[in-house]
Amino acid sequence: MILIIAEKKELANAIADALSGTAEKEGFAIRKGEYVITYLGGHAMELVDPEEIDEKYAKWSAEDLPIYFYPWPQKVKSEKETMVNQIDAYLEDCDYVIHAGDNDDEGQLLVDEVLTHFDYTGKVMRLDTGNTTREGLKKAFLRMDDNREHIAAGKAAYARAIADKSFGYSLTRHFSIVNGCKLNVGRVQTPTLGLVVERDRQIESHEKTYFYNLFGDFLVENQTIRAKFMPKEDNPILTDGKCLESKSLEDIRDKLLCKTLPASVLTRNLKEAAPLPFNLVKLQSYCDKKWGYSPADVMEITQHLRDEYRAITYNRSDCQYLTDEHFAEAPETVAKTLKNLGESMQEYPIDTARKSKAFNAKYIKLHFAIIPTGEPVAIEKLTEREKNVYLAIAKRYLMQFLPEAQKEKTELKIDSSFGPFIASETILTMPGWKMLEDASESEEETEEPEEAAGLSNLTDGNYKAVCSSMEIKQSETKPPKRYTPASLNEDLTRIVKYVSNPKIKELLLKKDDGKKGENGSIGTTATRAMIIDNLIKREYLTMSGKNLISTEKGRAFYNALPDEIKKADTTALWYAHQEAITEGREEANALTESVLKTIKRVMNSCNEPTIQIAKKDAEIVGKCPLCGNDVEHISNAKLKAYRCSNRECKFILWETAFGSKISAENAKKLLAGQSTNAISFKSKKTGKAFKGKLKMKPDQTLALEFIQSKTPQKKK
C-alpha cells in the first residue's frame with residue numbers, strides 16, 4: 001500500500017481522480033487500488049506554548065526573557081487528532097509515502113512535520129502539485145523526486161514559525177512589563193498598525209490647497225457641449241499637474257470667449273473583457289463595498305459555504321486564474337450553477353465554448369480562483385449573507401462565458417493656442433458580461449473629463465466650435481481616504497509601495513514572484529483579516545463608521561517601537577534567510593538565531609517606560625502575579641472582582657471568598673504576597689462566626705488561615 005498525504009481535501013480528491021481504479025471512502029481517506037489518499041486540511045501540528053515546556057513561563061517575568069527554543073516542540077492540534085491518528089495507522093502498513101503538500105515551504109513543512117512526529121523513517125517521494133488538473137497530476141506521478149531533496153524548504157518554514165513565536169512572546173512580554181500595560185508585538189501586526197498610523201498622520205497634517213479648472217461651453221453643429229481645458233503636463237501654468245492660481249485661466253477665458261476654434265470628433269469602438277474571478281482579497285473588497293461585510297466576515301462566510309455546503313472551491317486563494325481543466329469542466333459546472341441560481345438565469349447568452357483570459361495556468365502558482373463547485377445548493381436555505389456571497393462568486397464565474405462588453409467612445413477635441421479642450425461620451429452598445437454586473441463593480445473615479453451628453457450624435461470629422469461661455473471652478477486637494485478593514489487588507493498585499501529601501505523592496509517583490517494576486521506583501525490571505533480584527537480587539541485601532549482609525553494607545557505604542565521591528569523590512573529580511581536555508585547556504589537555525597539577536601538588541605535598547613496611556617477610571621490594587629500588568633478593582637452590576645487589566649490574561653480575584661468580602665486593602669496585601677488583615681467568616685457547618693486570614697498560594701488560589709481566639713485566664 002502506498003500512502004499519499006495531500007495538503008487539502010480538494011487536492012486529495014483531484015489526485016484520486018487522476019488514479020485508476022474504484023474509489024472507496026475510509027474516514028478521511030480514499031482507497032483506490034494500491035493507493036490510499038488522505039489529507040491534512042492545513043497544518044495539523046502547532047508549536048506548543050512556552051508554559052507547556054516550562055511552567056515558569058506561565059508568569060510574565062523580565063528575568064525569563066527572551067523566550068527561545070530550538071528546536072521548538074510541537075503537538076497535534078486538538079481538532080486534527082482523529083485525522084492524524086488515521087494517518088499514523090496507515091504509516092504502520094504502507095510501503096512508502098508520497099508527499100503531496102503545496103509547492104511552497106509551508107506545504108512542504110505541514111506533511112514533513114507529521115512524518116517527523118511519528119518518527120517515520122521509510123521512503124518518501126515528493127509529488128509536484130503545481131498543476132492539479134487530471135493530466136497534470138498524471139504527469140507528475142511519472143517524475144516524482146526523493147522528498148529529501150525538498151526538506152530544506154520545510155525547515156525554512158519551521159524556522160519562520162519559531163522566529164514568529166519567539167519574536168511575539170518575547171517582545172510582547174518585554175514591552176508590556178516595561179510599560180506596565182499589555183502591548184502586543186507581531187511581525188505582521190506591527191507594520192499593519194503602522195499603515196493606519198501613518199495614514200491618519202497624513203490626513204491630520206493635510207493642508208488644504210486650492211486649484212482651478214477651466215470649462216467652456218461650445219456650440220458645435222447647433223449643439224452646446226461642455227469641454228474641459230486639458231493643458232499638457234509641461235505647461236508652465238501647472239504645478240504638480242494642477243493650476244494653483246486662477247489668474248492664468250482668467251486670461252485664457254478672456255481671450256477665447258466668443259472665439260471660433262477648430263474642432264474634431266472621433267468615435268472609437270471599445271471592447272471590455274470580463275473581470276477575473278475572485279480571489280479572497282478581491283472578494284473581501286467587493287463585499288465590503290456592496291454590503292459592508294468585513295474581511296473577517298467574508299472569511300467566515302466563505303468557510304461555511306465551503307465546509308457546510310461544498311458550494312465553492314478553496315476560499316483562501318490568492319489567485320484569480322483558472323486552469324484548462326477548469327475550462328474543460330465548465331459545461332457541467334456552469335449547468336449545475338445555473339440550476340442552483342434558478343430559472344431567471346437561463347436568459348443570459350452563456351457559452352461555455354468561450355474562453356476568457358481567466359483560463360491561464362501560467363499565472364497559477366499554488367491556488368486557483370474562487371469559483372462555484374457545481375454542487376447542488378438550496379439557495380433558500382442559505383442565510384442572507386451566505387446567499388449574497390455565493391451569488392457574487394457564481395456571477396463573477398459566469399461572466400467568463402458571456403461576450404465582451406462593447407462601447408462607443410466619442411471624443412471632441414477643440415484646439416486653442418493655450419492647449420486643447422476635451423469632451424467625451426461613452427455609450428454601452430452591447431452589455432455582454434455587464435448584464436451580470438451591478439453598481440458595486442463600477443470602475444473607480446478617474447481624472448477624465450466629465451461625460452458630455454449628446455456628443456455621440458456627431459459623426460466623425462472636423463468642425464468649428466464657437467465658445468459661448470466659460471467658467472472657472474475652484475476645487476481643493478483632498479487628504480488620502482481613511483482605511484477601511486477591506487482597503488487595509490488590500491494594501492497588505494502591496495505594502496512594498498510604502499517601502500523606500502531599495503534592497504527591502506527587491507526582497508519583498510522577489511518573495512511574491514509569480515503570484516498575480518500579491519505584489520510585495522506581508523501576511524497571508526488566511527491571516528490578514530484576523531490580524532486586523534486583533535488590532536481592534538487590542539485597542540490599537542478603532543472603528544469610526546466604516547473607517548479604521550488608530551487610537552492613542554496604538555499611536556503611542558507604534559511610535560515607541562524601533563524601526564527595525566515595526567516596518568515591513570522584518571518580513572523581507574526573514575525571507576532572505578529562508579531562501580538561504582532552502583538553497584542550503586545556511587543552517588536551519590540561521591533565521592532563528594538572527595531573530596534572537598534582534599530581540600536581545602531591542603530589549604537592551606528599549607528598557608525604559610516610554611508609553612504614556614491614560615488609565616481608565618478603575619482603582620489599581622497591585623500587579624498581576626501572572627503577567628505583571630495592573631490589577632483593577634471592577635465593581636459593577638455584572639462583575640465584582642479584582643481583575644488583570646490585560647484582558648488576555650486569565651488572572652481574576654473575586655471580591656467574595658469563603659462567603660466574605662475582600663476589601664481593596666486586603667486585595668493589595670494578597671497581591672503583595674502578604675496575608676490579609678483579620679476577616680470575619682461564618683462556618684457553613686455550625687453557623688458560628690470566626691476570624692481568619694487569607695493568603696494567596698503559588699497557584700493563585702486562596703488559603704484560609706483560622707485565627708485561634710485567646711482563652712481567658714482564670715482568676716487566682
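Residues numbered from 1 in each chain as written. Predicted model: local features only at pLDDT ≥ 70, side-chain atom pairs only at ≥ 80, totals over all residues. Heavy atoms only, no water.

## A look at the overall build of the protein
Point 1. When helices and strands are counted, the protein shows 20 helices and 26 strands.
Point 2. Counting only C-alpha atoms and orienting by the principal axes, one finds that the protein spans roughly 135 × 75 × 55 Å.
Point 3. For the protein, with 716 residues in total, the buried portion stands at 49%.
Point 4. Contacts in the protein between residues far apart in sequence, at least 24 positions, make up 71% of those at least 6 positions apart.
Point 5. Per element, the accessible surface of the protein, about 36400 Å² overall, is 48% carbon and sulfur.
Point 6. Distance between charge centroids for the protein: 7 Å, based on 106 positive and 109 negative side chains. (Helix = DSSP H or I, 4+ residues; strand = E, 2+ residues; numbered from the N terminus. Buried < 20%, exposed > 50% of the residue type's maximum accessible area, 1.4 Å probe, protein only. Contact = heavy atoms within 4.5 Å. Areas by Shrake-Rupley, 256 points an atom, 1.4 Å probe, with all protein chains shown as cover. Lys, Arg positive; Asp, Glu negative; His and termini not counted. Charge placed at Lys NZ, Arg CZ, Asp CG, Glu CD.)

## Observations regarding the packing of aromatic side chains
Point 1. All told, the structure shown has 20 aromatic pairs when counted by the stated rule.
Point 2. With 5.8 Å between their ring centres and 75° between their planes, Tyr286 and Trp291 make a pair best called edge-to-face.
Point 3. Taken together, a centroid distance of 5.3 Å and an interplanar angle of 75° make the contact between Tyr397 and Phe401 edge-to-face. The exposure classification of Tyr397 matches that of Phe401, with both residues buried.
Point 4. In this structure an aromatic cluster arises from ring pairing among Phe278, Tyr286, Trp291 and Tyr293.
Point 5. It is Lys355 that lies over the ring of Phe327; its NZ or CZ is 5.2 Å from the centre.
Point 6. Over the ring of Tyr293 we find Arg385, and its NZ or CZ is 5.4 Å from the ring centre. (Phe/Tyr/Trp six-rings, centres within 6.5 Å; stacked < 30°, edge-to-face > 60°. Lys NZ or Arg CZ within 6 Å of the ring centre and 35° of its normal.)

## Quick look at the state of the cysteines
Point 1. Per the counting criterion, the structure on display carries 0 disulfides.
Point 2. The thiol of Cys644 is unpaired, and the distance to the nearest cysteine sulfur, on Cys627, comes to 3.4 Å. (Disulfide = S-S within 2.5 Å.)

## Considerations on the sheet that holds strand 25 (residues 689-696)
Point 1. Spatially, 3 strands are ordered 24-25-26 in an open sheet, and the strand pairing comes out antiparallel. Only two strands of the sheet have a single partner each, and these edge strands are strand 24 (679-682) and strand 26 (702-706). Direction aside, neighbouring strands of the sheet carry axes that sit 50° apart on average.
Point 2. Each of strand 24, strand 25 and strand 26 touches helix 20 (residues 664-671); the most contacted strand, strand 25, lies at about 45° to it. (Pairing = 2+ DSSP bridges. Axes fitted to C-alpha atoms, helices over the stretch in contact; angles between N-to-C directions.)

## Points about the pairing of strand 2 (residues 23-26)
Point 1. For strand 2 and strand 3 (residues 29-32), the ladder comprises 4 bridges, and the chain directions are antiparallel. Its bridge partner lying in strand 3, Glu26 is registered against Ala29.
Point 2. In this structure, the hairpin formed by strand 2 and strand 3 is closed by a connection of 2 residues, where Gly27 is found at a positive phi of approximately 60°.

## Looking at the nonpolar core
Point 1. Trp72, Phe167, Leu171, Phe175, Phe557 and Ile565 are the most contacted members of the largest nonpolar core, which has 57 residues in total.
Point 2. Contributions of two or more residues to this core are made by helix 6 (151-179), helix 7 (189-204), helix 14 (502-511), helix 15 (528-537), helix 16 (552-560), helix 18 (569-582) and helix 19 (590-605).
Point 3. Discounting chain neighbours no more than four positions away, the residues touching Phe167 are Thr172, Val185, Gly186, Arg187, Ile565, Trp574, Val595 and Ile599.
Point 4. In terms of nonpolar packing, the next biggest core, distinct from the first, is built from 47 residues, Ala274, Ile370, Ile379 and Leu402 among them. (Core = buried A, V, L, I, M, F, W, Y, C linked by side-chain atoms within 4.5 Å.)

## Here's the deal with helix 4 (residues 105-117)
Point 1. The first and last C-alpha atoms of helix 4 sit 18 Å apart over 13 residues, in line with the 18 Å expected at 1.5 Å per residue.
Point 2. Most of helix 4 sits out of view: 10 of its 13 residues are buried.
Point 3. When we look at burial in helix 4, the residues that qualify are Asp105, Gly107, Gln108, Leu109, Leu110, Val111, Asp112, Glu113, Val114 and Leu115.
Point 4. In the stretch just after helix 4, Asp119 is the one whose phi turns positive, near 55°. (Expected span 1.5 Å × (residues − 1).)

## As for the sheet that holds strand 1 (residues 2-6)
Point 1. With respect to topology, 7 strands assemble into an open sheet ordered 2-3-4-1-7-8-9, the strand pairing being mixed. Of all strands in the sheet, those bounded by a partner on one side alone are strand 2 and strand 9 (145-146).

## Here we look at the packing of helix 10 (residues 295-307) against helix 12 (residues 384-398)
Two measures define how a pair of helices packs: the angle their axes make with one another and the distance between the axes.
Point 1. Put simply, helix 10 and helix 12 touch, their axes get as near as 10 Å, and they point 85° apart. Here helix 12 runs roughly perpendicular to helix 10, going by the angle between their axes. Residues Asp297, Ile301, Thr302, His304 and Leu305 of helix 10 form the contact with helix 12, whose participating residues are Arg385, Glu386, Val389 and Tyr390.
Point 2. When grouped by side-chain class, the residues that make up the contact of helix 10 with helix 12 number 4 nonpolar, 2 polar and 3 charged. (Parallel < 35°, antiparallel > 145°, perpendicular 65-115°, else oblique. Nonpolar A, V, L, I, M, F, W, Y, C, P; charged D, E, K, R; others polar.)

## A look at the environment of Thr82
Point 1. Summarising the element assignment, Thr82 is placed in helix 3 (residues 81-93).
Point 2. Spatially, the C-alpha atom of Thr82 lies 41 Å from that of Gly194, the residues being 112 residues apart in sequence.

## Examining the pattern of salt bridges
Point 1. By the definition in use, this model includes 38 salt bridges.
Point 2. Put simply, Glu106 and Arg160 hold a salt bridge, and the shortest N to O gap is 2.2 Å. Taken together, the residues Glu106 in helix 4 and Arg160 in helix 6 connect sequence positions 54 residues apart.
Point 3. Owing to a relative accessible area of 23%, Glu106 belongs among the partly exposed residues under this scheme.
Point 4. Where Arg310 meets Glu375, a salt bridge forms, and the shortest distance between an N and an O atom there is 3.7 Å. (Salt bridge = Lys/Arg side-chain N within 4 Å of Asp/Glu carboxyl O.)

## Notes on the confidence of the model for the protein
Point 1. Model confidence for the protein is summarised by a mean pLDDT of 90, while 95% of its residues fall at 70 or above.
Point 2. In the predicted structure, residues 443-447 sits below a pLDDT of 50 and forms 5 contacts with residues beyond four places in sequence or in another chain. (pLDDT = per-residue confidence, 0-100.)

## Quick word on the pairing of strand 4 (residues 35-39)
Point 1. Burial runs high along strand 4: 5 of the 5 residues are buried.
Point 2. Residues Tyr35, Ile37 and Tyr39 line one face of strand 4 and the alternating positions Val36 and Thr38 line the opposite face, and both faces are buried.
Point 3. Where strand 1 meets strand 4, 5 bridges bridge the pair, whose relative direction is parallel. Pairing of Ile5 across the sheet is with Thr38, part of strand 4.
Point 4. In this sheet, strand 4 lies alongside strand 3 in antiparallel orientation, the contact comprising 3 bridges.

## Concerning the side chain of Thr570
Point 1. Tracing the chain through its elements places Thr570 in helix 18.
Point 2. The exposure class of Thr570 is buried, given its relative accessible area of 4%.
Point 3. When neighbours within four sequence positions are excluded, Thr570 is seen to be in contact with Arg187, Glu564 and Ile565.

## Digging into helix 6
Because each turn of an α-helix spans 3.6 residues, side chains separated by three or four positions end up pointing in the same direction.
Point 1. The end-to-end C-alpha separation of helix 6 is 42 Å, in line with the 42 Å expected for 29 residues at 1.5 Å each.
Point 2. The buried count for helix 6 comes to 22 of 29 residues, which makes it a mostly enclosed element.
Point 3. Phi turns positive, to about 70°, at Gly180, one or two residues after helix 6.

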